[in-house]
Every structure is written in C-alpha cells, then in structure tokens.
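Secondary and tertiary structure notes
Here is what each chain is made of, one letter per residue.
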There are 2 protein chains.
Amino acid sequence: MAGNANDRVLREDSGRFDPMANALRALAIDAVQKANSGHPGAPMGMAEMATALWGAHLRHSPGNPHWPDRDRFILSNGHASMLLYALLHLTGYDLPMEELKRFRQLHSKTPGHPEAGLTPGVETTTGPLGQGLTNAVGMALAEKLLGDEFNRAGHRIVDHRTYAFLGDGCLMEGISHEACSLAGVWRLNKLIALYDDNGISIDGAVAGWFRDDTAQRFAAYGWNVIGPIDGHDTAAVDRAIGQAKSSIDRPTLIVCRTTIGRGSPARAGTARSHGEPLGAEEIAATRKTIGWEAGAFEIPDGVRAQWHAIERGAAREAVWNRAFAAYRAQHPELAAEFERRVAGSLPVDFRETAAALMARASQASDAVATRKSSQQVLAALAPAVPELLGGSADLTGSNLTDFPGCGAVRGGQPGGRYINYGVREFGMAAIMNGIALHGGYLPYGGTFLTFSDYSRNAIRMAALMKLRVIHVFTHDSIGLGEDGPTHQSVEHAASLRLIPNLDVWRPCDAAETAVAWVHALEQPQRPSALLLSRQSLPAQPRTPEQVIDIQRGGYVLSDRPDARAVILATGSEVALATAAQQLLDTQGIAVRVVSLPSSTVFDRQPKQWREAVLGRDLPRIGIEAGVTCWWGQYGCVAALGVDGFGESAPAAQVYEHFGLAAHKLGELVAAQLAAHR
Amino acid sequence: MAGNANDRVLREDSGRFDPMANALRALAIDAVQKANSGHPGAPMGMAEMATALWGAHLRHSPGNPHWPDRDRFILSNGHASMLLYALLHLTGYDLPMEELKRFRQLHSKTPGHPEAGLTPGVETTTGPLGQGLTNAVGMALAEKLLGDEFNRAGHRIVDHRTYAFLGDGCLMEGISHEACSLAGVWRLNKLIALYDDNGISIDGAVAGWFRDDTAQRFAAYGWNVIGPIDGHDTAAVDRAIGQAKSSIDRPTLIVCRTTIGRGSPARAGTARSHGEPLGAEEIAATRKTIGWEAGAFEIPDGVRAQWHAIERGAAREAVWNRAFAAYRAQHPELAAEFERRVAGSLPVDFRETAAALMARASQASDAVATRKSSQQVLAALAPAVPELLGGSADLTGSNLTDFPGCGAVRGGQPGGRYINYGVREFGMAAIMNGIALHGGYLPYGGTFLTFSDYSRNAIRMAALMKLRVIHVFTHDSIGLGEDGPTHQSVEHAASLRLIPNLDVWRPCDAAETAVAWVHALEQPQRPSALLLSRQSLPAQPRTPEQVIDIQRGGYVLSDRPDARAVILATGSEVALATAAQQLLDTQGIAVRVVSLPSSTVFDRQPKQWREAVLGRDLPRIGIEAGVTCWWGQYGCVAALGVDGFGESAPAAQVYEHFGLAAHKLGELVAAQLAAHR
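Residues numbered from 1 in each chain as written. Chains lettered and ligands numbered in written order. Predicted model: local features only at pLDDT ≥ 70, side-chain atom pairs only at ≥ 80, totals over all residues. Heavy atoms only, no water.

Chain A has the name Transketolase in an unreviewed UniProt entry, where Variovorax boronicumulans is given as its organism. In its Catalytic activity (unreviewed entry) section, the UniProt record describing chain A reads: "D-sedoheptulose 7-phosphate + D-glyceraldehyde 3-phosphate = aldehydo-D-ribose 5-phosphate + D-xylulose 5-phosphate". Listed under Sequence similarities (unreviewed entry) in UniProt, the entry text for chain A is "Belongs to the transketolase family." (UniProt positions renumbered as here; feature names shortened; annotations may be inferred.)

And the structure:
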C-alpha cells in the first residue's frame, strides 16, 4: 500500500504518567470526542513537553494576555489546538471549560485551529504547517530589535523568550528551511523550539518520506541542538529548556522523542491517533492506562491548583511594571514611545507627515517608476515613522525598498531597520507576520509581483489575522520586459484582490503611490499589497479634490461633459486610458477616465460614490496589463489586457505585442459604442 | 546601508582561463551587452563548471534533443540563461548565432530565462528559483522508476543521469529543502547537482543573510557531498563529476567555489556583475584579462571544434538505438509500450476505458463525496493507464489519491506507483513537473485546496510549460467544516481559474468527476486541477446527451420551459441550485440550472454553445461557496457565496451561517426577478 498507516512507531517509555500532563491529555481526548472531530494524537504526545515548558519556564500572565514582555508560545503544529486550549484554560486565561466543551463549534473560542485575536493567549493563527515556526522567528527578531532600541543600562524592559512547538510536518515544509536558516544568521538565542519527534505523519511512519538528520540540519544553520531527549520525561525536557535558556548566541532546537497518542493502548504510535476521535471505548482504556479517574471535562482540584498560574503571572507582571515605572522615571520620552509602539498607534504627527508627503507627491511632474516613487515615500516616511522595518527577498536594488540610513539587521549586531531576507519570499512574509504579531514594528518587504505566488499563503494568513503588514511587489506586469513570462505577472493582481481583507493597490503615478502607502499604514487591521511598476509612468494632473479622492480607491481622473463611455484603468495603464481619451476627443467621442488604484478600497465605498464614479448607464471598458475576466465584476462590456503568458522582449515591444496601446483602446471604445448604439 | 552591494567576494583563482570556458564567457557578455539586459555574472562564474560537465560527461545528442535516454541538464539558476544558450549553440543544437544575437528579443529562441518547448535542448523553464533543482529531482525519480519498469536483464534502455546547476538563491528557497530531502530518501544516485558557491546574491555578499553550512545540510539529507572544490579548475570539476557518477545509493552535491563575473577586472566577485551588462569598456578589459581576442559573437574555429558534439552525440545515440533494437527483438511488447509512454500517447483503448468509466459513473445514484468518486475513478483507470503515477503531500487518507495495488515508491526499492511526498506541497508540484518533463509518466498529486497556495507557482509553471500534470485538491471549500478558516478555501477556486492554460474542474457528483479526470488525462498540453469535496454530494440525474455535455465545461443540467432566470452553479452548490429550482417551481417561477464544472473549458467552447447554455436575455444568478466577484465575468446580476474567511464548525452549520441554502438562493432569484421586472 501507498501509505504506512498501520506502521506503529513506539519509543521507549518510562510508563510514568504525570497528573499535570494527564490533565492536558484528558481534556484533549474529551473535547475531540465531544466534537466528534479533531486531533487527539499530538496533544497526547506533547503533554509532557507542554507541562515542562508551561509548568516551569513560560513567563506569562494569564490575567493579562497583552503584557508586552510576556514570553511568546507558538503552537506551530496547530492541529494540536486542544493542547493549547487546555493549557490556556488550566493556567487561568479567560477560556472557561464551557468553551472547551464547544471545541470546533460555531462561534466558540476553540476553533479547529488556534486563531489569534479570537482566543486570549493564542499568539498566532496556525494550521498551515511551517508558518507558526516562521512567525516565531519573526517574533524573536522583533524582541531582539525592540530590546536593542528601547533597553537602557540597568533597564531591560524588553527581555522575553519565544517558544515554539513543532512537528514533522513543520520540518518537512520548505518554509522551515527559510526561517531557521535566518534564525541562525540572526543568532536569535532567545528562540527555543521543541520538536515533537514522533516519527508519524498522516500517511504513516515518516521513515518512508522523511529521513533527515534534523539535528545535523539545524547544526548546519548555526543552531544549538539539544537531544534527542525523552519527550515524555518532564524533568528531562525541563533540564533541556534550562540549558537552552543559557544559549548566548544561537537559537535552540530541542529534539523530543515522543509517541503520538501516548496513553492510548490501541492507537499510540500510529497515524490513526492523529486526526480522529478515539471513541468511547478507547478513551476508557486510555484513562485506565494513564491512571486518570476524573470524568470527562473534570479536573481534580489538586491538579487544577498545580496548573493555576494567574497569581504567579500577575506577580511577574508586577515586577515588570515596577521596572517599567523606573524606566519611565529615567527615560520618560522613551517610555512613552515604547507604549505607543507596542499599542500600534501611529506617531501623533503622522497625519501632518502624510499630508506633506501627499502634497509633494501630487505636485511631481516627472515620469517615474512607481517603485521609485515608493522609495521616495519611504525616504520621507521612515524618519517620521520609526517603527517601519523594511526588507526585501534579495531584490533591494530592484524593489527599491531601502531608505537613507536604514541600517541593516545583522546577526551579532544591535539594531538596524532593514532586513535582507535573502531569496526567501515565503519566509519573509511569514516572518513579517510574526513581527507584526509581536508588536513594536510595522514590517514591509519587497519582491517581484510574480513571486507573491511563493508567499501567497502567508499573505492570506496576514489577512485572516488582520495584521498590518505591507507587501511591496514591484515589476508588476509585462512591463518588466526582458525577464520574460516566468517573471511577468498576468494573473497576480486579480488573484491577490480575491484574498479577503487584503488591500491591493496598483498606483499609476507618484501621487497614487504616496496615498497607497499612507492608506496602508493607516489600516491597523489589514495587510496591504502595493503593486509597483518597473517602468517609468507619467504623472497625472489632478485637482486638490482629486488628490483627496485617491484614498477612495477609485475616482474620476478625467471627465468630459456628455461622456458616452467610461474607461476604467489601473496602474501603468492609466496613462494609456488618458491618451485614448484624447484620441477619442479628436473623433468627437467623449469618454470619462476612471482611475482604480485600489478596487478593494473602492468596493468598500458607499454605493453612491461607486455609482457616481462608474456612471450608471454608460458602457464601461477596462484596461489593465493582466487577465481581462477580472473586469466582469465592474460590468465592463469589453477590456484590454493579457490573457496568456507574457513574452521576453523590451517592455515597449511587449506592450505593443499584446495590443496594449492608446489607439487600440480608442478603437475598442469606438467599436463598443457602435455595437451598443 | 541595507545591502552589501559593494562587498566583493573573491576566491583563490588559478588565473588560468581555458578557451572553451572563455567561449561561454564571451558569448554571455556579448549577448547581454547587445540586449542591454541580462545576467553576465553567473555564466562567467560557471563557465568552467559547464566546460567540465558538457565537455566530458554529459551524454546528449545535439542533433536530437528528444533522444529518450539523454542525460538531462537543468539550469536551476535560470537567469544564467546565456550560459545554456552558449552551450546549446556551441555543441550543435539548432540554435544559430543569430538567435544568440537576438537574446531577450521578441520571438527569439533566447528569452530572458530558458523556456522548455521553445529552445531545443532546454529541458525545463527556470527562473523562479529552486524549482529547476526540484524539477531535476522529479526527472531523476522518473528515470529510476522508468528503468525499474522497463529495463530487463541485459537491457538497460533507461540509464541516464540528471545534472543540475544551482546557485545560492536556489539553496535559500524553501523548496530546495523539500526536494533535496526527498532526493535523499529516494536515494537518487544518478542526480548530480553542482552548486555555484560564489558567495554573492543580488543584495551583496551573502554572509549577511545566508550562512548555512550547505555541505552539512546536504549530508543531513543523506546526500553524497563533494568539495568545496575550486569551481574554476576544470580538471577538479571533471574529477568531482567522475566521483559523483560512482555513487551507488546517494545523490551528489558538488560544492564549487567560484567567483561571480570571473574575468571582469572591475566587477568579478561583486553583485554588480549579476544583473546588468558589463559595458563596452569593461568588456574590452575582460577580453584582455581572459585572453580572448575574437570579436563579439565570434568563436575561433579551434574552440568551435572542441565544443562541437553533434557526431559524438549521434554516435552515442546510435549505440542506444542498437541496444533498443535488441531490446525490441527480445521484448517487443515492452518496447512498443516504452515508445508509447515516452511519446505521451494514451493507451490505444483509453477511449473505451473512459467511456465505460463515464457510463458507470453517470449511473451512480448514491450521495458520495467527489473525493471518493475520484478515488473510484482512479481504481478504474489505474490498471488501464499504467503511466499514472500518484501521490499526496501526506494526506492520502483525506485526498483519497491512492488506488488498489498502487505500491509505494520507496528509496532502495524498485518500482511503486504512489509517492508519499510528505508535507511538501510546493516540492510535490515541482517534482510532478519534472516527472512530466522527463516523460514516461503522468503524475498526479493531492493536497487540500487551501494549500494550493503553497504550490501555486509550480502550478503556474506547469501551465506555462504546457505539462500534463493533475492536481487533486480536496476539501475544496467551507464544506470541510471543523478545521476552520485556515483550511477553508474561499478564494482558491476563483484564483486558480486565473492562471492561463490551467483547467480547473469543480465537479458536482460522480459523473462530473469522471469526466473531469478523463478530460484532464486527454490534455497533452495543459495541467488540470480537480477541486473535490470532503462532504457527500447527491448524484444529479442526466440524459445521455447531458453526460456528453459535461465535457463542454458548462451545460444546462435542468431546464424549464419559459425559464425566467438562470442559476449558474459549480460543485457542491449544484445540488442547492436544483433544490432552489424546485422551490421556485412551487412559487410558479421557472428557472434554468446550469452546471459549470469547468469554467476554463467552458470559456473555450464556441460562442454559440456558451450563449445557448447561459441564455441571452435571462438574468443570471451564481452560486459557489467562494468569492462572489468571480461571477461578474458571466454577467451575473447577483450571486451567493462567501466573501470573507470561513468558520470552524460542522459543515452544515457553516453552510447555514453563510446563507448557502436552497431557500436563500430561491429568495435571491425571486428578488432579482422582482427588481428587474
């Protein structure tokens, strides 16, 4: 058979079952059973790891999940969600037993996979494997940088660790390579990852498809590797974490040998324990095996008391609060700035900065690539918005994502505001998510638009988690020219616009680029993608009112009395639209030109605005250097675009080849008017 | 500064310049200069590596790029395209000097990045980093499996190697981890990768963002690692390749220390040599440094003769042809089957198999999940289509991608028709591309639809390369229920449909699933994605004519005389559409129901068909459990769908929560009719 579903991987086992770990086990199997859906095996296998970490090391405050200096805990193997819910419940987070009983039910706080923002204490949304670990790398980096920036002699107000649990799946995923390689480069010694090495994945015993020497692999990344240790020996895990905490210049991986579904006599060590309820009979047998006599969803008082951590957490937090008060006394401005940064508020004078920037940009008259306009925006914003933390996936000189004096983030050195992510698009995106989740920074990063494909699921996760993360995607169409079809985005703009809660901007000139940046920064609950041109684009003339209208996402750029049709255009094709308008003028055909720099923002405008811009009864024609079907939702009767893959040639020739030209657009409009007369 | 663009990494250099390598260097710098665009640095740095491999080891036949038993050469760092074009030109492929002079020009055979199918001798399209290497793993696996299947005692008709060149970028990308981990597991000893270890990427010296001990990393994967060696010492590279060829159970990585832009006095060892022309002055200085006196695009006769390989290649091929003739004499049926398989023709009786399958599927009446219907199709097809090579990214029991007797592909064992890819979606997709490019197999692989995000760029590459690869994406909507929003596809169906040349199917029952599979297999120039439900779906009744119509991608499933509206539906929502139709019947509102299992196929039908199905003057209402804007292109006046992220709950409740119900659809239709009266 193809899988090895019946292979059983059993490790040496002391046979001792700790009551604290058993409480986690029992809650997991009971909740999965009640939901008749879920993953009992991983929580059962990681119960001792969790007991060691949460029982003795994790510095958190269940009464205040937002304490800025708490340790972060990331469950990268998010299907083990019941482990996390059990931990949160038992230590005292606002997650009552009723919620555990509603595991995987509509509107519960215990969804199938952990969701940040929904459940107190859940630091990031996990499930898509490998990304939680990568978020953790971003969090650990943010902690380091924030400490570099705010700590002062005698005052370590930023000083916490990031812990991640992960499984075989996370380690098979490519993104684990990108993230862990960077964690090594950055020497993130306060990152401690515990690997649930259970030898089983959904298809069976992993030996048939996963034989990495993971310890050696992580040594190659410059990590401190501990183990393999017995992951069911709480004391051994405790000692390993203690060792890990003493690492001064390397992140740590603790390899914990475990048995998936530990405690279930029939299913321990098998893939079958992974993703289905144990069933009443096997649950009874498990209770017997592990020596757990309490009923379903019952926790004996003694065990509950052992887990309870509200007061200990509050005491920790109080110590920090006193330290912060001392810091504030000595560094009042820094303390205020720290609080602003952690709260995610923009600088008080941001609106003024933004207004000056937009005014300047709206007066620009030179033809300039929007990637270059974007860099000018960054140069203006970066000094005023110190939380901006830039970067690129090894395309800095192409994306133009750096700014004067940004300073590089480098392992073993303090500070820096620019991250060379290397050729790691997916890793970059998920690390940015981790940085945003940690707080204190507003991350942005660049690559070519085509390679948004590589990072797509992390962009989606940012949208799902409502994170302010900004993607700078340059070389946004066939307009990049010679690099050819592998590098030419055709479907990407349309495709990104489909991700819920993601703002997509495709500005046509410096003014729209400036507004796009400002708008993106002002969205505390939403990521943005800026799609920027490689090639120069002419500046469009606008009235001051029109400059303000840009933030609506779509507006009338150039109107004509008695317009008979509306041309809708985005980005680099707006100039073709206005040129076509002028050509049509000479033929006595009056048309309106609408610029649609952000359809996602435009779609959120009141109906009145949208109808006023689009016109109610005029035929609409769209133009964008990408797939034309996208225009259907705006009721376009025709569109110019690119419905196949691109071509390698100088940009002007590629445009001509695909018929993206003002005269072609003019002809199309005239033909449509003739046909619909 | 953020980058290290001025950092220079110079390795010890013998200072000797071999004329054969210089010919590659000179052609690369001349072509880039003439195009005023391109990447000279990598070809200059890899010139000796290429000379060693192509001069002494590569078993190919420039006169016949399709010789089945040729060695495969993959340039994973595809921006070094001029190196490959120079090699193809000099060894005698049909790539005249005129084409090199038209580097990166419209309709030349020398686009910016190598394109399979366009240029003779280019084995795969590269540019998006890491994927070429992964294609190479797929090719090496295909070679092994094809050999297992067709070689017989005394007859090794399949016996070639796969060579890949790759750079730092490929090794930073996560997909390199997925692919190389699997190559180790599979013990692909005939895969030989040469790493252009030049210490430079676009942002500068890689030490700031890439410090992996790559040799150690690959040892952890179970590879044979050779070096670091001096990549400019042709003899050393030659020896290393010789060693690599003797590996009996491990793939080999040869670490070649090189200097990017070698030969350019001003730019060698710098990022500046990477992606821009050297300029006339520096080219002159380079010619002097390397001792190359020939003019631009001129190759001295002696050097040309050294490179010329047509006759040697033809002789190699003749030896193989004789061996194949002997094989045919002894195993005539196997030989015929081999030729069919390599040609990519389906079995002669495929149509009959397909017809029987579709007839059976169209008679099914039970409610069954389309993933389960898909598995039934596989069970029927697999014995008749031995080239089917299945797999899953560790979700076999969920994707239902295995079939009886498929047998697992395992390292160190012969054969198998099912690949446990592990949790490596992107790697799976790009390995499938490599398998399809190699020939002999028809690969398919499964994961959850949401994780098509992870593999998206490889799906795009399959579409760009026109490869017959089939993606089985199950759990295709909110209908998966409890796993929640991280796992619920909302934008993915619409988003995949935007990729040019990709067929996307979302069947509504067993009959449509069978047609989807058959259609996908019958597309020699196009990949397909099958979007399948987790939940059971009722069988729709159809006339025999309607069963035939399914292959049109869209057809009238249930009509009414005097229909006043058309409901368009896909997949799991088709049953809601027919239920709504019946509800509306009771209100005296007659509507037509159109099933649209594949909009991409439907869009290719003649206009007459499309208009007949959609109706010309009837209001259209769409329903799909995904983003509603997608329906705009079909002129829908309204649509039911999901425009935000999903929810974790039992599937029926999630459907209800989002208002995806027959009565809601009925109300929407009635309201639209009232509004448009």
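Moving on from the model shown.
Here the focus is the interface of chain A and chain B. Listed by partner, the interface residues are 102 residues for chain A and 102 residues for chain B. Interface area lost by chain A to chain B is led by Tyr454(A), Arg460(A) and Phe645(A), which between them contribute 9%. Counting the contacts that link chain A with chain B gives 6 salt bridges. Between Arg104(B) and Asp483(A) there is a salt bridge, with the nearest N and O atoms lying 2.7 Å from each other. The interface formed by chain A and chain B contains 49 residue pairs in polar contact (both at pLDDT 80 or more). (Contact = heavy atoms within 4.5 Å. Buried area = accessible area lost by both parts, 1.4 Å probe. Salt bridge = Lys/Arg side-chain N within 4 Å of Asp/Glu carboxyl O. Polar contact = N/O pair within 3.5 Å; in protein donor to acceptor, adjacent residues only side chain to side chain.)

Our focus in this paragraph is the UniProt feature "domain: Transketolase-like pyrimidine-binding" (unreviewed entry) in chain A. The residues that UniProt annotates with the feature "domain: Transketolase-like pyrimidine-binding" (unreviewed entry) are residues 368-539 of chain A. The annotated region residues 368-539 of chain A carries 35% helix and 18% strand content, and the separation between its end C-alpha atoms amounts to 8 Å. (Helix = DSSP H or I, 4+ residues; strand = E, 2+ residues; numbered from the N terminus.)

Below, the discussion takes up unusual backbone geometry. For the peptide bond that leads from Gly227(A) to Pro228(A), omega is 5 degrees, which places it in the cis range. For Pro228(A), the position within the fold is in strand S6 (residues 224-230). Phi is positive for Arg187(A), close to 55 degrees, though the residue is something other than glycine. In this structure, Arg187(A) sits in the loop between helix H7 (174-185) and strand S3 (191-197). Look at Arg187(A) and you get partly exposed, because its relative accessible area is 39%. Even without a glycine there, the phi angle at Leu400(B) is positive, about 55 degrees. With respect to the secondary-structure elements, Leu400(B) resides in the loop between helix H17 (396-399) and strand S10 (418-420). (Buried < 20%, exposed > 50% of the residue type's maximum accessible area, 1.4 Å probe, protein only.)

A word on the packing of helix H6 (residues 131-150) of chain B against helix H8 (residues 174-185) of chain B. Residues and elements named next belong to chain B. Running from N to C, H6 and H8 point in directions that differ by 20 degrees, and their axes come no closer than 9 Å. It follows from the interaxial angle that H6 and H8 lie roughly parallel. For H6 against H8, the interelement crossing comes out left-handed. Every residue of H8 that contacts H6 at Gln131, Leu133, Thr134 and Val137 is listed here: Ile175, Ser176, Ala179, Cys180 and Ala183. When its residues are assigned to classes, the contact of H6 with H8 shows 6 nonpolar, 3 polar and no charged. (Axes fitted to C-alpha atoms, helices over the stretch in contact; angles between N-to-C directions. Parallel < 35°, antiparallel > 145°, perpendicular 65-115°, else oblique. Left-handed = near helix turned anticlockwise from the far one by under 90°. Nonpolar A, V, L, I, M, F, W, Y, C, P; charged D, E, K, R; others polar.)

Our next topic: the state of the cysteines. Summed over all chains, the structure comprises 0 disulfides over all chains. With no disulfide of its own, Cys636(A) lies closest to Cys629(A) among cysteine sulfurs, the gap being 12 Å. (Disulfide = S-S within 2.5 Å.)

Further remarks concern the UniProt feature "binding site: Mg(2+)" (unreviewed entry) in chain A. All names here are of chain A. Per the UniProt record, the feature "binding site: Mg(2+)" (unreviewed entry) sits at Asp168, Asn198 and Ile200. Their sequence span is 33 residues, while the largest C-alpha to C-alpha distance among them is just 7.7 Å; these annotated residues converge on one region. Residue placement: Asp168 occurs in helix H6 (residues 168-172). Residue Asp168 is classed as buried on the basis of its relative accessible area, which comes to 4%.

Here we take up the pattern of salt bridges. Taken as a whole and judged by the stated rule, the model has 72 salt bridges over all chains. Here Glu611(A) and Lys607(A) are joined by a salt bridge, their closest N and O atoms 3.9 Å apart. One end of the pair is Glu611(A) and the other is Lys607(A), both in helix H24 (residues 607-614) and 4 residues apart, which spans about a single turn. For Glu611(A), a relative accessible area of 26% corresponds to the partly exposed category. Here Lys607(A) falls in the exposed class, since its relative accessible area comes to 54%. The closest approach of N and O atoms between Glu624(B) and Arg506(B), which form a salt bridge, is 4.0 Å. With Glu624(B) in the loop between strand S19 (620-623) and strand S20 (636-640) and Arg506(B) in the loop between strand S13 (503-505) and helix H21 (510-521), this residue pair connects regions lying 118 residues apart in the sequence. Judged on exposure class, the residue Glu624(B) and its partner Arg506(B) are both buried. Among the ionic contacts, a cluster of salt bridges with common partners joins Glu149(A), Glu337(A), Arg340(A), Arg341(A) and Glu387(A).

Residue and element names in this part refer to chain B. Within the secondary structure layout, Asn135 lies in helix H6. Of note is the side chain of Asn135, whose polar atom sits 2.9 Å from the backbone oxygen of Ala430. If near-sequence neighbours (up to four positions away) are discounted, Asn135 is found in contact with Thr124, Thr125, Ala430, Asn433, Gly434, Leu437 and Met465.

Residue and element names in this part refer to chain A. Read across the sheet, 6 strands follow the order S10-S9-S11-S12-S14-S13 without closing on themselves; strand pairing throughout is parallel. One side of each edge strand has no neighbouring strand; the edge strands of this open sheet are strand S10 (418-420) and strand S13 (503-505). Strand-to-strand, the axes of this sheet are offset by a mean angle of 20 degrees, without reference to chain direction. Relative to strand S12 (residues 470-474), strand S11 (residues 442-448) runs parallel, the two being bridged by 5 bridges. Bridging across to S12, Gly445 finds its partner in His471. Helix H17 (residues 425-438) contacts strand S9 (388-392), S10, S11 and S12 of the sheet and is inclined by roughly 170 degrees relative to S11. (Pairing = 2+ DSSP bridges.)

Residue and element names in this part refer to chain B. For strand S3 (residues 191-197), the buried fraction is high: 7 of the 7 residues fall into the buried class. Alternating positions in S3 separate into two faces, Leu191, Ala193, Tyr195 and Asp197 on one and Ile192, Leu194 and Asp196 on the other, with burial throughout. When strand S2 (residues 162-166) meets S3, the two strands line up parallel, connected through 5 bridges. By the bridge assignment for S3, Phe165 is matched with Leu194. As judged from the 6 bridges shared by S3 and strand S7 (residues 252-257), these two strands associate in the parallel manner. Bridge pairing in S7 places Ile192 opposite Thr252.

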